[in-house]
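What follows is the residue order along each chain.
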Amino acid sequence: MKKITLIIFFLFTINFIYAQTNVSGGIFSNTTWTLAGSPYIVVDTIVVFPGVTLTIDPGVMVKFADGKYLEIREASLLATGTSTDSITFTSNSVTPTSGIWGRIWRNGVSMVSKYNYCNVKYSSQGIYGADTVKNSNFILNSFGCSAGYIDSCNFYNNGTGARGTIFNCNIKHNQTGVSGSFHIKNCQIDSNQTGVDVSLSLIENSSLSYNQIGGKSWINEDNRYKNCIINNNSIKGIELSGSGGDSAVNCQIKFNGIGIDITRGFSQDGILRNIIDSNSVGIKIGGSFSGGSIYCNKICNNTSFDLQLNSNINVNASNNYWCTPDSISTTARIYDGYDNISLGLVNFMPLDTSMCYLGLPTGIEVTKNKKLFSIYPNPVSDYLTVINEASTGAQISISNILGEKELSSIITSGKSGINVSTLPKGIHFIEVVAGNNISRQKFIKQ
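All figures in this text were calculated on a predicted structure; none of them were measured in a lab.

Asker: Where do I start with the pairing of strand E9 (residues 101-107) in this structure?
Answerer: The side chains of a regular strand alternate between both faces of the sheet. One ladder, built from four bridges, connects strand E6 (residues 70-73) with E9; its direction is parallel. When the sheet's bridge partners are listed, Leu70 is paired in E9 with Ile104.

Written out as structure tokens, the structure reads:
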């Protein structure tokens, strides 16, 4: 009798371990997928109908037949695992491959669509259109996750990792790490073919390293890289191609093929306070370039050229630190019309000798070329009249073409006279700093 009882208990245990629930079709009322019913095998497409909530408990495994998907049609899905008991969405195939099953798809405006501590593997589009996704792993999907907010997730070996507002994520070994996102912060985006391929995005406090291309812009869209480490990308660090506001500010850009590849014009913040060092080419400017600001950067020790101009447009790259003692040494580090007459010229004077790439106190941003003042006469012999158009006083300084400061003063708002009679004849540069704004002009001393 005892042996029979043990056999029955053993058989019951085996059946419990291998219990599974086949699911398909419509879900018309609030439903919970429990651990006791796991794994849930999606044998055909499932639709959660409007107003209904599907809840998936911690520890549940959901397996999809090839090509099948779960649609959340103006409904809710709550998949909340824990750090020790995660929820898994994967393939039911014995030999799964990337993209073998469909997606978990929000169709229309859902009531709530939240995921926490989930694993998603082998899907074509993973979690698509969620509100929030946190603490989750996306591995070997054609596309990992598209969500309003993605936090503290890992994306490994996907075709494309993620799209959305993305904070605190590790994004590695994907074909494209991030595509079409809006705000990327505190992320490690390493060892992808392309780290980010984005539009209208702010990428800040992140590492884009060991990719083929660290960051790439969509043409005519604005992207901003701030406080990023952009190192060891084999083809290029970042590509800027937006015509309105692409920029790189306070970034370290080292050991890349091309540090910054500018294919079109930009205007907003420009290239400001970056360290662009030890790349093959520091900055490359392409044929569609139409203007933009490059100033207060350290641009040094790049193998081929610190700046390579491939456009017939003249470029202003004044007030950068080139690690060179004079204009002759700097010219040798720049490829422009002096090397190829079909190209424009790079104005790199005055040289920055104060190392302004080290930046200003935390929280202060500089806006360059906002008109702060006007001057006359120009050329000038004795007194240069400066009309301060800012509402406050301003710091004024005058430098020669080598970037050496010749005089400085404080001026009030309105009109001031500056005695320049002792300056040598030739070209000089006047700079006015008012608050967070900088404006510069050139004048000629007769």
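Asker: How do you make sense of the packing of aromatic side chains when you look at a structure like this?
Answerer: For any pair of aromatic rings, the description consists of the separation of the ring centres together with the inter-plane angle of the planes. For the coordinates displayed, the defined rule picks out ten aromatic pairs. Arranged with centres 6.2 Å apart and planes meeting at 70°, the rings of Tyr69 and Trp105 form a pair that is edge-to-face. Remark: Trp105 occurs in strand E9 and Tyr69 occurs in the loop between strand E5 (61-64) and E6; sequence separation between them is 36 residues. The positively charged end of Arg73 is found above the aromatic ring belonging to Phe49, 5.1 Å away from the centroid.

Asker: So what exactly am I meant to see when it comes to the nonpolar core here?
Answerer: Taken as a class, soluble globular proteins show a tendency for nonpolar side chains to be buried jointly. Ranked by size, the top nonpolar core spans 74 residues in total, and within it Phe89, Tyr115 and Ile260 carry the most contacts. Once residues lying within four places of it in the same chain are set aside, the contact partners of Phe89 are Ile56, Val62, Phe64, Ala79, Trp101, Ile104, Tyr115, Cys118, Asn119, Val120 and Lys121. Ranked by size, the runner-up nonpolar core spans 15 residues in total, among them Val380, Val386, Ile411 and Ile430.

Asker: Would you mind showing me how to read the pairing of strand E7 (residues 76-80) here?
Answerer: Strand direction decides the pairing type here: strand E4 (residues 53-56) and E7, joined by four bridges, are parallel. Looking across to E7, one finds that Ile56 is bridged to Ala79. Of the strand pairs in this sheet, E7 and strand E10 (residues 113-116) are connected by four bridges, and their pairing is parallel. Across the sheet, Leu78 pairs through a bridge with Lys114, a residue of E10.

Asker: Sorry if this is basic, but what is going on with the side chain of Asn320 here?
Answerer: Positionally, Asn320 belongs in the loop between strand E37 (315-316) and helix H2 (327-331). Taking the relative accessible area as the measure of exposure, Asn320 reaches 0% and is therefore buried. A polar side-chain atom of Asn320 sits 2.9 Å from the main-chain amide nitrogen of Asn297. Of the polar contacts made by the side chain of Asn320, one reaches the backbone oxygen of Ser318; its length is 3.3 Å. Not counting chain neighbours up to four residues away, the residues in contact with Asn320 comprise Ile294, Tyr295, Cys296, Asn297, Ile299, Pro350, Leu351 and Asp352.

Asker: I'm lost on the state of the cysteines in this one. Help?
Answerer: The term disulfide refers to a covalent linkage connecting the sulfur atoms of a pair of cysteines. Scanning the entire structure with this criterion turns up two disulfides. Paired through a disulfide, Cys296 and Cys356 show a sulfur-sulfur distance of 2.1 Å. Looking down the S-S bond of the Cys296 and Cys356 bridge, the torsion is -115°, so its handedness is left-handed. Of this pair, Cys296 sits in the loop between strand E34 (294-295) and strand E35 (298-300) while Cys356 sits in the loop between strand E39 (346-347) and strand E40 (367-368), and the two are 60 residues apart along the sequence. The disulfide bridge from Cys300 ends at Cys323, spanning 2.0 Å between sulfur atoms.

Asker: Is there a simple way to explain unusual backbone geometry in this structure?
Answerer: For residues other than glycine, phi is negative in most cases, and the peptide bonds are mostly trans. The linkage connecting Met349 with the following residue, Pro350, adopts the cis geometry, with an omega of 0°. In this model, Tyr376 is joined to Pro377 through a cis peptide bond whose omega is -10°. Despite not being glycine, Asn135 has its phi angle at roughly 55°, a positive value. With respect to the secondary-structure elements, Asn135 resides in the loop between strand E12 (123-134) and strand E13 (137-139). Overall, Asn135 belongs to the partly exposed group, its relative accessible area being 28%. For Asn250, which is not glycine, the phi torsion reads 60° and is therefore positive. Owing to a relative accessible area of 26%, Asn250 belongs among the partly exposed residues under this scheme.

Asker: In this structure, what is going on with the environment of Pro424? I would like to understand it.
Answerer: Within the fold, Pro424 resides in the loop between strand E45 (414-419) and strand E46 (426-434). Overall, the relative accessible area of 48% leaves Pro424 in the partly exposed class. Residues Pro424 and Ile444, spaced 20 residues apart in sequence, show a C-alpha to C-alpha distance of 9.8 Å. If near-sequence neighbours (up to four positions away) are discounted, Pro424 is found in contact with Glu406 and Lys445.

Definitions and limits used
- Residues numbered from 1 in each chain as written.
- Predicted model: local features only at pLDDT ≥ 70, side-chain atom pairs only at ≥ 80, totals over all residues.
- Heavy atoms only, no water.
- Pairing = 2+ DSSP bridges.
- Helix = DSSP H or I, 4+ residues; strand = E, 2+ residues; numbered from the N terminus.
- Phe/Tyr/Trp six-rings, centres within 6.5 Å; stacked < 30°, edge-to-face > 60°.
- Lys NZ or Arg CZ within 6 Å of the ring centre and 35° of its normal.
- Core = buried A, V, L, I, M, F, W, Y, C linked by side-chain atoms within 4.5 Å.
- Buried < 20%, exposed > 50% of the residue type's maximum accessible area, 1.4 Å probe, protein only.
- Contact = heavy atoms within 4.5 Å.
- Polar contact = N/O pair within 3.5 Å; in protein donor to acceptor, adjacent residues only side chain to side chain.
- Disulfide = S-S within 2.5 Å.

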